[in-house]
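# Structural overview for review
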Amino acid sequence: MARRRRIYEGKAKVLFEGPEPGTLVQYFKDDASAFNNAKTGTITGKGVLNNRISEYLMLKLAEIGIPTHFVRRLNMREQLIREVEIIPVEIVVRNVAAGSICERFGIAEGTPLPRSIVEYYYKADDLNDPLVAEEHITAFGWSTPQELDEIMHMSLRVNDFLTGLLVTVGIRLVDFKLEYGRLWNNDEMRIVLADEISPDNCRLWDLKTNEKMDKDRFRRDLGGVEEAYQEVARRLGILPESAPGDLKGPAVMQ
Ligand code: UDP
């Protein structure tokens, strides 16, 4: 079958030219990487699950008025998205200390943070995605102060909404990473949520046991990686074989 033109290939996804101008096809791979590509591997079925999980969460966010790049899911591994101009800043929102914040400030993993903390990282693999201040973002022109203000407020809304949604299925949203893009419509521009929201870029812990249900299982060789991704999808009610009675918490069914 003739493939569409490949626009970009990242660690976990490929972007192809879409069927209409202004659209792209986002293909989810099973490939996984961590520590800026120092560790690579495959998580069987991850692409299929992340495609579904990200679709589900982006549609839920759209329902509360968060604009996203998501148009519709095309098949098991692909979704149609709007082509945006990606802002080269990763927005990390943290509720509980884990990962790099623990090392940076000497905080024990699992310590609840006094309030949700928003951090910015410059998207540059060759520099190891350095932590940056608002000053760097606006001074170097990666975004305007107005855009950044909107991005910060949207990210906190996403955090509040996803925290609540995940609690109902017995999952604690520890932290996550978002990316945004500029969507142009003639001369008008809006900031929209882009990339994906999945266990690849969120830390998700079981509410009762604190068991990790995300990519940290791969990063730290904890085993049960595939099962963890499946369990997140199952609890969200988006695995075909799941039934409401299977869910531990109140069901969030589509
Ligand atoms: N994260 C991500 N991509 C990155 C860096 C971080 O998706 O390039 C996510 C990560 O999965 C976690 C959150 O952002 O949910 C915070 O990550 P942290 O800064 O603690 O870095 P890490 O410990 O993952 O290197």
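Here, every reference points to the structure presented above.
A brief look at the structure comes next. Bear in mind that the values here come from a model prediction, so they are computed numbers and not experimental data.

### Focus on the overall build of the protein chain
Helices and strands together make up the secondary structure of the protein chain, namely six helices and 14 strands. Relative to the 2.2 N^0.38 estimate, which gives 18 Å for 254 residues, the radius of gyration of the protein chain is 18 Å and therefore close to what a compact globule would have. Expressed as lengths along the three principal axes of its C-alpha atoms, the size of the protein chain is roughly 50 × 50 × 35 Å. The 254 residues of the protein chain split such that 51% are buried. Partitioning the intrachain contacts of the protein chain with sequence separation of at least 6 by distance along the chain shows that 56% fall at a separation of at least 24.

### Regarding the packing of aromatic side chains
Under the criterion given, the structure shown has three aromatic pairs. For the pair Phe 140 and Trp 142, a centre-to-centre distance of 5.4 Å together with 35° between the ring planes defines the contact as tilted. Relative accessible area serves as the criterion here: at 57%, Phe 140 is assigned to the exposed category. Grouping aromatic residues by their ring pairs yields a cluster made of Tyr 122, Phe 140 and Trp 142. Lying across the ring of Phe 16, Arg 4 places its NZ or CZ 5.6 Å from the centre. Here the basic side chain of Lys 39 rests over the ring of Phe 218, its NZ or CZ set 5.1 Å away from the ring centre.

### Considering the packing of helix H1 (residues 46-63) against helix H6 (residues 225-235)
A pair of packed helices can be characterised by two numbers: the angle between their axes and the separation between those axes. Orientation of H1 relative to H6, taken along the N-to-C sense of each, is 30°, at an axis distance of 10 Å. Viewed along their axes, H1 and H6 adopt a mutual orientation that is roughly parallel. Like other packed secondary-structure pairs, H1 and H6 cross with a definite hand, here left-handed. Across from Lys 46, Leu 49, Asn 50 and Ile 53 in H1, the residues of H6 making contact are Tyr 229, Gln 230, Val 232 and Ala 233. By residue class, the composition of the contact of H1 with H6 is five nonpolar, two polar and one charged.

### Section: the site of the ligand
The local shell around the ligand holds 16 residues, among which Arg 94, Ser 100, Asp 175, Arg 203 and Arg 219 are the closest. One of the side-chain nitrogen or oxygen atoms of Glu 90 is found 3.4 Å away from an oxygen atom of the ligand. Between Arg 219 and the ligand, the recorded distance is 2.9 Å, taken from a side-chain N or O atom to an oxygen atom. Considered on its own, the ligand offers 500 Å² of accessible surface; in the complex 77% of this is hidden by protein. Counting residues per element, the ones that place at least two in the shell around the ligand are strand S9 (89-96), strand S12 (171-185) and strand S14 (202-206).

### Observations concerning the pattern of salt bridges
Enumeration according to the criterion identifies 31 salt bridges in this entry. Of the charged contacts, one joins Glu 55 and Arg 52 as a salt bridge, the two residues approaching to 3.7 Å between their closest N and O atoms. On the criterion of helical spacing, the pair formed by Glu 55 and Arg 52 is a turn pair, its members being three residues apart in helix H1. The salt bridge partner of Arg 220 is Asp 216, with a shortest N-O separation of 3.6 Å. What makes Arg 220 partly exposed here is its relative accessible area of 37%.

### Things to note about the sheet that holds strand S1 (residues 6-9)
Strand order in this open sheet of five strands is S1-S2-S3-S7-S6, and the pairing throughout is antiparallel. With one partner strand each, in any of the chains shown, S1 and strand S6 (70-73) form the two edges of the open sheet. For this sheet the average axis-to-axis angle between neighbouring strands, irrespective of direction, equals 25°. In the sheet, strand S2 (residues 13-17) pairs with strand S3 (residues 23-28) via five bridges, with the strands oriented antiparallel. In the sheet register, Val 14 faces S3, and the bridge partner there is Tyr 27. Sheet contacts for H1: S3, S6 and strand S7 (78-82); angle to S6, the most-contacted strand, approximately 130°.

### Considering H1
Here H1 is 18 residues long and its end C-alpha atoms lie 25 Å apart, about the 26 Å a rise of 1.5 Å per residue gives. Of all 18 residues making up H1, 14 are buried, and the element is well covered by its neighbours. Directly after H1, the chain includes Gly 65, whose backbone phi takes a positive value near 90°.

Cut-offs and rules
Every chain begins its residue count from 1, and numbering advances along the sequence as written. pLDDT decides what is reported in this predicted model: residues at 70 or higher carry local features, side-chain atom pairs at 80 or more are listed and counted, and totals for whole chains, interfaces and linings draw on all residues regardless. As a convention, hydrogens and water are excluded, and side-chain values are obtained from all of the structure's heavy atoms. Counting from the N terminus, the helices are DSSP H or I runs at least four residues long and the strands are E runs at least two residues long. C-alpha atoms define the radius of gyration, and 2.2 Å times the number of residues to the power 0.38 defines the globule rule. Each residue's exposure class comes from its accessible area (1.4 Å probe, protein chains only) as a fraction of the maximum for that residue type: buried when under 20%, exposed when over 50%, partly exposed otherwise. By definition in these notes, contact holds between two residues if any of their heavy atoms fall within 4.5 Å. When the centres of two rings from Phe, Tyr and Trp lie within 6.5 Å, Trp using its six-membered ring, the rings pair. Their planes under 30 degrees apart give stacked, over 60 give edge-to-face, and anything left gives tilted. Only lysine NZ and arginine CZ atoms are considered, and such an atom sits over a ring when it is within 6 Å of the ring centre and within 35 degrees of the ring normal. Only the stretch in contact is used when a helix axis is fitted, and all axes are lines through C-alpha atoms; the angle between N-to-C directions ranges over 0 to 180 degrees. Each angle gets one of four labels, with under 35 degrees taken as roughly parallel, over 145 as roughly antiparallel, 65 to 115 as roughly perpendicular, and the rest as oblique. Rotating anticlockwise by less than a right angle from the far helix to the near helix defines a left-handed crossing, while the corresponding clockwise rotation defines a right-handed one. In this count, Pro and Cys sit with the nonpolar residues alongside Ala, Val, Leu, Ile, Met, Phe, Trp and Tyr, while Asp, Glu, Lys and Arg are called charged and the others, Gly among them, polar. Residues are classed as near a molecule or strand on a simple rule: at least one heavy atom within 4 Å of it. Polar contacts here mean pairs of N or O atoms no more than 3.5 Å apart (in protein, one a potential hydrogen donor and the other a potential acceptor; neighbouring residues in sequence count only if both atoms are side-chain atoms). What sets the accessible areas is the Shrake-Rupley method with a 1.4 Å probe; for residues, cover comes only from the shown protein chains. Salt bridges are defined as contacts in which a side-chain nitrogen from Lys or Arg sits within 4 Å of a carboxyl oxygen from Asp or Glu. Paired strands, in this sense, are two strands between which DSSP finds at least two bridges. Expected helix span is computed as 1.5 Å times (number of residues minus one).

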